[in-house]
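Each chain, written out:
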Amino acid sequence: MRCRTRRIFSWWLLLGAIALGILLGLGMLNPPGAAAAIRQLEEAPGQIVYQSRQTLKDSHGNSWQAIAFKRIRPNGQTSFDLRLVGFPDVVEIDRSQPLILTSALGKTLIAMDDSSHIFTETTKPEPNVGQYDLQPLLPQLEIGVPLKLTLPSLSGEAAILPVSPLAIEEWQTVANLE
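Position numbers for residues start from 1 in each chain and track the written sequence from start to end. Restriction of local features to residues with pLDDT of at least 70 applies here, the model being predicted, together with a cutoff of 80 or more for giving and counting side-chain atom pairs; totals for whole chains, interfaces and linings are based on all residues. Side-chain metrics in this entry use all non-hydrogen atoms of the structure; hydrogen atoms and water are not considered.

What's the story with the overall build of the protein in this structure? I'm lost.
Summing up its helical and strand segments, the protein has 2 helices and 9 strands in all. Order of helices (α) and strands (β) in the protein, N terminus to C terminus: α-β-β-β-β-β-β-β-β-β-α. With a 1.4 Å probe rolled over the protein chains alone, any residue whose accessible area is under 20% of its type maximum counts as buried; one over 50% counts as exposed, and the rest are partly exposed. Within the span of the protein, comprising 178 residues, buried residues form 34% of the whole. Here, two residues are considered to be in contact whenever any of their heavy atoms come within 4.5 Å of each other. Look at the contacts in the protein between residues 6 or more apart in sequence, and 54% of them connect residues 24 or more apart. Residue burial considers only the protein chains on display, and all accessible areas are found by Shrake-Rupley using a 1.4 Å probe. On the protein, roughly 11200 Å² of surface is accessible, and the fraction owed to carbon and sulfur atoms is 58%. Counting from the N terminus, the helices are the DSSP runs of H or I reaching at least four residues and the strands are the DSSP runs of E reaching at least two.

In structure tokens:
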């Protein structure tokens, strides 16, 4: 009798595990992420900016605002940049070093610092804000492949920021807007 009860319990446990696996596989217990919110701003007459914002957590648990944006100037010239903003007094970005983007497939890309364009007080730029030119890298960013951003700091310890495939897909969408 006891052996039969144990066998029935084992079958129920196995069926429950299979059902749970199916539900997780179908995404029923894991709701989808928030819908993308791409913003459009008119900075000046004829100058449009499209932007995507995500919050990223570095390897130390610090939050970063990642703003990928495309600027279209009145003359038709475009740029695509990534601005990374950390909390003040938590990190000082080393702007003499590039941002390193490493894909999950091992591909490494280098984004050059473009922060000089964002500070009105050039003698005292905000140490927790960096901006990088992603325009030349856009064709090499693969949709569906996560990235790891390595952001150099003045302390010598780089901030490592994981970027999801959904964020990269949103960046590509912003880059293709006209």
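Could you clarify how one ought to interpret the pattern of salt bridges in this entry?
Between side chains of opposite charge, pairing is possible as soon as their charged atoms come close. Only one rule defines a salt bridge in this text: a Lys or Arg side-chain nitrogen within 4 Å of an Asp or Glu carboxyl oxygen. Tallied over the full model, the rule gives 2 salt bridges. Of the charged contacts in the structure, one is a salt bridge between Glu43 and Arg71, with a shortest N-O distance of 2.7 Å. With Glu43 in strand 1 (residues 39-44) and Arg71 in strand 3 (residues 63-72), this residue pair connects regions lying 28 residues apart in the sequence. For Glu43, a relative accessible area of 41% translates into the label partly exposed.

Can you walk me through the nonpolar core in this structure?
Considering soluble globular proteins, one finds that nonpolar side chains tend to be buried as a cluster. In terms of nonpolar packing, the biggest core is built from 32 residues, with Leu82, Leu84, Leu99, Leu101, Leu149 and Trp171 touching the most fellow members. Taken together, the elements giving at least two residues each to this core come down to strand 2 (47-57), strand 3, strand 4 (78-86), strand 5 (99-103), strand 6 (108-111), strand 8 (147-151), strand 9 (159-163) and helix 2 (165-175). No other element matches the 5 residues that helix 2 contributes to this core. When neighbours within four sequence positions are excluded, Leu149 is seen to be in contact with Leu56, Leu82, Leu84, Leu99, Ile100, Leu101, Ala159, Ile160, Leu161 and Val163. The criterion is simple. A nonpolar core is a set of buried Ala, Val, Leu, Ile, Met, Phe, Trp, Tyr and Cys residues joined through side-chain atoms within 4.5 Å.

Hey, could you run me through the sheet that holds strand 5 in this one?
In a beta sheet, neighbouring strands are held together by backbone hydrogen bonds and run either parallel or antiparallel to one another. One bridge is not enough; two strands pair if DSSP finds at least two bridges between them. An order of 6-5-8-9 is seen for the 4 strands of this open sheet, with the pairing classed as antiparallel. Two strands bound the open sheet, and with one partner strand each, they are strand 6 and strand 9. Pairwise comparison of adjacent strand axes, ignoring direction, gives a mean angle of 25° for this sheet. Note on method: axes are straight lines fitted to C-alpha atoms, helices fitted across the in-contact stretch only, with angles between N-to-C directions ranging 0 to 180 degrees. Here helix 2 sits on the sheet and contacts strand 8 and strand 9; the angle it forms with strand 9, its principal contact strand, is near 80°.

Looking at this structure, I do not really get the environment of Ile118. What am I missing?
Looking at the element boundaries, Ile118 is found in the loop between strand 6 and strand 7 (129-133). Exposure remark for Ile118: the relative accessible area of 21% places this residue in the partly exposed category. Considered as a pair, Ile118 and Val129 are 11 residues apart in the sequence and their alpha carbons are 9.2 Å apart. If we ignore the near neighbours within four places in the chain, the residues touching Ile118 are Arg83, Val129 and Gln131.

Teacher, can you tell me more about the side chain of Glu170 here?
Within the secondary structure, Glu170 is located in helix 2. Residues scored as charged are limited to Lys and Arg (positive) and Asp and Glu (negative), so that His and the chain ends carry no count. One buried charged residue, Glu170, remains without a salt bridge, the closest side chain of opposite sign being Arg39 at 8.5 Å. In protein, a polar contact requires one atom able to donate a hydrogen and another able to accept it; more generally it is a pair of N or O atoms within 3.5 Å, and residues adjacent in sequence count only if both atoms are side-chain atoms. Among the polar contacts listed, one links the side chain of Glu170 to the side chain of Ser52, at a separation of 2.5 Å.

I keep staring at helix 2 and nothing clicks. Help me out?
Side chains that are three or four residues apart share a direction in an α-helix, a result of its 3.6 residues per turn. When we look at burial in helix 2, the residues that qualify are Ala167, Ile168, Glu170, Trp171, Gln172, Val174 and Ala175. Along its buried surface, helix 2 packs onto strand 2, strand 3, strand 4, strand 8 and strand 9.

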